[in-house]
Every structure is written in structure tokens, then in C-alpha cells.
Amino acid sequence: VIALNFEDGVTRIIESRSSETLADAAFRAGINIPLDCNEGVCGTCKCKWKSGQFEMGDYIEEALSEEETADGFSLACQMTPTSDMVVDILASSKACKVKSVTHATTILSMDFLSSEILKLVVKLQKGEKLPFLQGQYANLDIPNTGVHRSYSFSRDSGGDVLEFIIKLIPNGLMSNYLRDKVKIGDILNLKGPTGSFYLRDLHRPTLFFAGGTGIAPFLAMLEKLSKHKVKHTIQLFYGANTEANLVELERLNAFKKIMPFDYHTVSVEPTPNHAQGFVNQWITKEVLNAKEYDIYICGPNAMVESVKASFTKAGIKIAHCYLEKFVPSGI
Ligand code: FES
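Please read these numbers as outputs of a predicted model, since none were measured by experiment. (Residues numbered from 1 in each chain as written. Predicted model: local features only at pLDDT ≥ 70, side-chain atom pairs only at ≥ 80, totals over all residues. Heavy atoms only, no water.)

Visitor: Any chance you could break down the overall build of the protein for me, citing the residues and the numbers?
Guide: Summing up its helical and strand segments, the protein has six helices and 19 strands in all. For 331 residues, the compact-globule formula gives about 20 Å, and the C-alpha radius of gyration of the protein, at 21 Å, lands near that figure. With respect to the three principal axes, the spread of C-alpha positions in the protein is 65 × 50 × 35 Å. In the protein, 68% of the contacts between residues at least 6 apart in sequence involve partners at least 24 apart. Total accessible area on the protein is roughly 16,000 Å²; 51% of this is exposed by carbon and sulfur atoms. Averaging the coordinates of the 35 positive side-chain charges in the protein and doing the same for the 38 negative ones gives two points 5 Å apart. (Helix = DSSP H or I, 4+ residues; strand = E, 2+ residues; numbered from the N terminus. Rg over C-alpha atoms; globule rule 2.2 N^0.38 Å. Contact = heavy atoms within 4.5 Å. Areas by Shrake-Rupley, 256 points an atom, 1.4 Å probe, with all protein chains shown as cover. Lys, Arg positive; Asp, Glu negative; His and termini not counted. Charge placed at Lys NZ, Arg CZ, Asp CG, Glu CD.)

The structure is reproduced here in C-alpha cells:
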């Protein structure tokens, strides 16, 4: 399975056959990666390897230099994947003629996790699949409006059931639809997967920072990690405005039992059960004393910025930082 990330944030997951080049596998899936010579001579099909294994194939130095190889570049017309891979394609999805796919899903359940937070579970149509990278999102259509809202998948990919954790806002278009109009069994159209906020291979202690429903992508990531042998520690710092909006703690407790994972919760509103304040209160050298970290931050814009600034202030070394900011839709 190969995840192709395009420059405009669109991702497509394709399957490759043995000895098939990446460009051929993509073409079979209806994706035209820009090619010219198709022989490893021109360099037009240059792409960037993010994870997984592959064979480089044959090419000449003019098409791909040694420095480029060292920087993770390779040639889509020559490389043959030998494991699951994630690859950045240096072109937009439009340029590669990637068709946007709408999936008609059936609403299976809607459960309020708090008075403001809804867990929405939908099922794909028979035989359909929607593979994604853990941390990515889908665009859910609001019927009869021509607009959509974006929500991260909060469950690992694989089966035909998708889950989203949604904050309902007063008078929000999607919020009103979900609160007042929708019924179990209704059809909900969605497009995806999309987004460059996804779980990378773990190479060092890793920190997750979640603000509000920014917990959703981390639930999918943790579920994925829980199926593998995790060699590095993962810490989650999870903040919400109220205790009630700190949701899915049972799922987090279950992850704690099966891998080197721990979490800390914080509520803006004082409560006897959680720390009070904001997630960046733990960004100190006393708490975070590893040599360096990979960090993932997902939440409202101000929270993401403040976490980043706290790392700079505390002088804690970050190897890689991945961000997903919520941009308010207005309504
Ligand atoms: Fe020319 Fe791949 S298309 S090197």
C-alpha cells in the first residue's frame, strides 16, 4: 500500500504489484505522475520518499544527483516499492489528474460524549474502502448547502467504519444539521482523505498535544501504534475548556496498558479531577528531559502557536514538528 501526498494536501492510497514502478502503480489507479522519458534520464518524475522501503532502479546522475538521493529524492518511473510507503509527489493532485472521490456513507450512530461533543460513526457502502494515514481528515458535505466541514478520522483505517469527533457550535451549519435534522441510516457524503498531519515512523520520544476535539487524530494514531511494537515513549498532553469536554479517556487508559504511552489532562475551568490551565504548562526541562523530541500538535490556532512558542522558550530540542490548526469556519 502506497500513500501518495500531493502538493495541495490531497492524499491517495494506491496498491502496487511486485516489481511494478511507483509511476506504473499510480497510473493503474488513474493517477498520472508527471513523466517525460520514463527511463530515469530526465528527472521529471522526481518525488520525495517519506517512509517505507523501495529499490531505486536505474537512472543517470543528470536525472537524480547523489545529494538529492541523500535528501530522500527518488524517481517515480524507476523506483519499485518493497514495503508500504509514503511518498510526496512534487505536483498538485490536479496536475496528476487525481479525481476527487465522493464516498456515500450511512450514519450508524451519533453519541454525545459531552453536551457539545458528538461522536459520529458512519459506514462505507458495501465493498468500498477508504484507506488513510492516521491523523488525516475528510471533508463531510452538509446536505443541500454546497459546503463541507473538515474532521479528522478518530479511528484507525482498515474496515468499512469511519469515526469522527465533532464539536457542535451554536448555529453552526454542520452542527445544526447533526443536532436537528439527521437520523441514523441517513446518507452522508464525504471526500478524502486529505492532510499532511499524519503519523510518521517513531524514531525518538514523541509528544502529542491536543486541544479540544484535536484529540481525534491522536486516537487514530494511538490505535495504529497499539498494533505494533512501540520502542519509544509517547506522551499526550490533552487540554479542553471544561472537564466534560475531555473525552474518550477510557480509550486513552486502554492504550496506557499496552504500550509505552502516558497522558496528562488539563481543563481551563477548574476541576478537582484534572490539572487546571493549558497544555503548555508541562513544557519544561524538568518534565521533558529527553535529548530531543518529535512533536505533533493539533488544536485551535492560538493553542498550536503557544505550544510551539513554549518549546522555544524552554530551550527543548525538537527534531520534527507536525501541526494541524483548526481554522474556525465562522458558522
Ligand atoms: Fe524521466 Fe522519470 S520520467 S526520469
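From this point, things continue past the structure.
Visitor: Kindly report on the nonpolar core, identifying the contributing residues and their values.
Guide: In terms of nonpolar packing, the biggest core is built from 30 residues, with Phe-208, Phe-218, Leu-236, Tyr-238, Leu-252 and Phe-261 touching the most fellow members. Counting residues per element, the ones that place at least two in this core are strand S14 (206-211), helix H4 (215-225), strand S15 (234-240), helix H5 (249-258), strand S16 (261-267) and strand S18 (293-300). With seven residues, H4 is the largest single contributor of residues to this core. (Core = buried A, V, L, I, M, F, W, Y, C linked by side-chain atoms within 4.5 Å. Buried < 20%, exposed > 50% of the residue type's maximum accessible area, 1.4 Å probe, protein only.)

Visitor: Before we move on, can you summarise the layout of surface pockets with the specific residues and values?
Guide: One number sums up the size of the second largest pocket: a volume of about 1,100 Å³. Of all elements in the fold, only strand S11 (147-152), strand S12 (161-167), helix H3 (173-181), S14, H4, S15, helix H6 (301-314) and strand S19 (318-326) reach the threshold of two or more residues within the lining of the second largest pocket. At five residues, the largest contribution of residues to the lining of the second largest pocket is made by S11. In the lining of the second largest pocket, the residues fall into 22 nonpolar, 17 polar and four charged. (1 Å grid on protein atoms, 1.4 Å probe; cavity = no way out; pocket = protein on both sides within 12 Å on 5 of 7 lines; lining within 4 Å. Points joined across faces, edges and corners; volume = space filled by probe spheres on them. Nonpolar A, V, L, I, M, F, W, Y, C, P; charged D, E, K, R; others polar.)

Visitor: Which residues make up the packing of aromatic side chains, and what values go with them?
Guide: Counting across every chain of the model gives 11 aromatic pairs. Seen in terms of ring centroids, Phe-197 and Phe-218 are 5.9 Å apart; in terms of plane orientation they differ by 80 degrees. Their pairing is edge-to-face. Residue Phe-197 is found in the loop between strand S13 (187-194) and S14, and its partner Phe-218 is found in helix H4; the two are separated by 21 residues along the sequence. On the basis of relative accessibility, which here comes to 1%, the residue Phe-197 falls in the buried class. For Phe-218, a relative accessible area of 0% corresponds to the buried category. Here Phe-261 and Tyr-263 contribute two aromatic rings whose centre-to-centre distance is 6.2 Å and whose plane-to-plane angle is 20 degrees, an arrangement assigned as stacked. Of the two residues examined, Phe-261 and Tyr-263, each falls in the buried class. In this structure an aromatic cluster arises from ring pairing among Phe-197, Phe-208, Phe-218, Tyr-296 and Tyr-322. The cationic tip of Arg-200 hangs over the ring face of Tyr-198; the distance from NZ or CZ to the ring centre is 3.7 Å. (Phe/Tyr/Trp six-rings, centres within 6.5 Å; stacked < 30°, edge-to-face > 60°. Lys NZ or Arg CZ within 6 Å of the ring centre and 35° of its normal.)

Visitor: Describe in detail the side chain of Ser-74, supporting the description with residues and values.
Guide: Tracing the chain through its elements places Ser-74 in strand S5 (residues 73-75). Dropping the residues within four chain positions of it, Ser-74 is found in contact with Cys-45, Lys-46, Cys-47, Phe-54, Met-56, Leu-64 and Met-79.

Visitor: Break down the pairing of strand S10 (residues 137-142) for me, citing the residues and quoting the values.
Guide: Both S10 and S11 contribute to a ladder of six bridges, which runs antiparallel. Bridge pairing links Ala-138 to Tyr-151 in S11. Here S10 hands over to S11 after four residues, with Asn-144 in that stretch at a positive phi of 65 degrees. (Pairing = 2+ DSSP bridges.)

Visitor: Outline the pattern of salt bridges, listing residues and values.
Guide: Tallying each qualifying case throughout the model produces 18 salt bridges. The salt bridge involving Glu-68 is made with Lys-46; its shortest N-O contact spans 3.0 Å. Separated by 22 residues along the polypeptide, Glu-68 in helix H2 (residues 66-70) and Lys-46 in strand S3 (residues 46-51) bring together distant segments of the chain. On the basis of relative accessible area, Glu-68 is assigned to the partly exposed category, the value being 23%. Note on Lys-46: relative accessible area 22%, which makes it partly exposed. Through salt bridges with shared partners, a single network forms among Lys-119, Arg-155, Glu-163, Glu-223, Glu-248 and Arg-251. (Salt bridge = Lys/Arg side-chain N within 4 Å of Asp/Glu carboxyl O.)

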